[in-house]
Amino acid sequence: MFVTINGKPSEVKDGSTLADLLDHLEIKREFVAVELNMDIVPKSFYDSRTLTAGDVIEIVQFVGGG
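Just so you know, these numbers come straight off a predicted model, no measurement behind them. (Residues numbered from 1 in each chain as written. Predicted model: local features only at pLDDT ≥ 70, side-chain atom pairs only at ≥ 80, totals over all residues. Heavy atoms only, no water.)

1. Concerning the pairing of strand β5 (residues 56–61)
Here is step 1 of the chain: The pairing of strand β1 (residues 2–5) with β5 spans two bridges and is classified as parallel. The residue of β5 that forms the bridge with Thr4 is Val56.
Here is step 2 of the chain: Across five bridges, the pairing between strand β3 (residues 32–36) and β5 is antiparallel. Bridging across to β5, Val34 finds its partner in Ile59. (Pairing = 2+ DSSP bridges. Helix = DSSP H or I, 4+ residues; strand = E, 2+ residues; numbered from the N terminus.)

Now the structure itself:
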């Protein structure tokens, strides 16, 4: 199925969760915020929130520095 990730159409496996997507993209959950269809998703829901065709996902990574 197709979803949009950070503005780019992407194909993901049916039944994928947000956690599956982050694992596939090799992104550590601790350092990101995820918005799904314009709603921020709490990290506690990443394992249970299943993606559906047409979802729009924005992943923002935190960058440290000084």
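2. Regarding the pairing of β3
Sheet faces and side chains relate simply in a regular strand, where the side chains alternate between the two faces.
Here is step 1 of the chain: Residue alternation in β3 divides its side chains into a buried set, Val32, Val34 and Leu36, and an unburied set, Ala33 and Glu35.
Here is step 2 of the chain: Bridge analysis of β3 against strand β4 (residues 39–41) gives three bridges, and the strand direction is antiparallel. Bridged to Glu35 within β4 is Ile40.
Here is step 3 of the chain: Where β3 hands over to β4, the hairpin turn is made up of two residues, of which Asn37 adopts a positive phi near 50°. (Buried < 20%, exposed > 50% of the residue type's maximum accessible area, 1.4 Å probe, protein only.)

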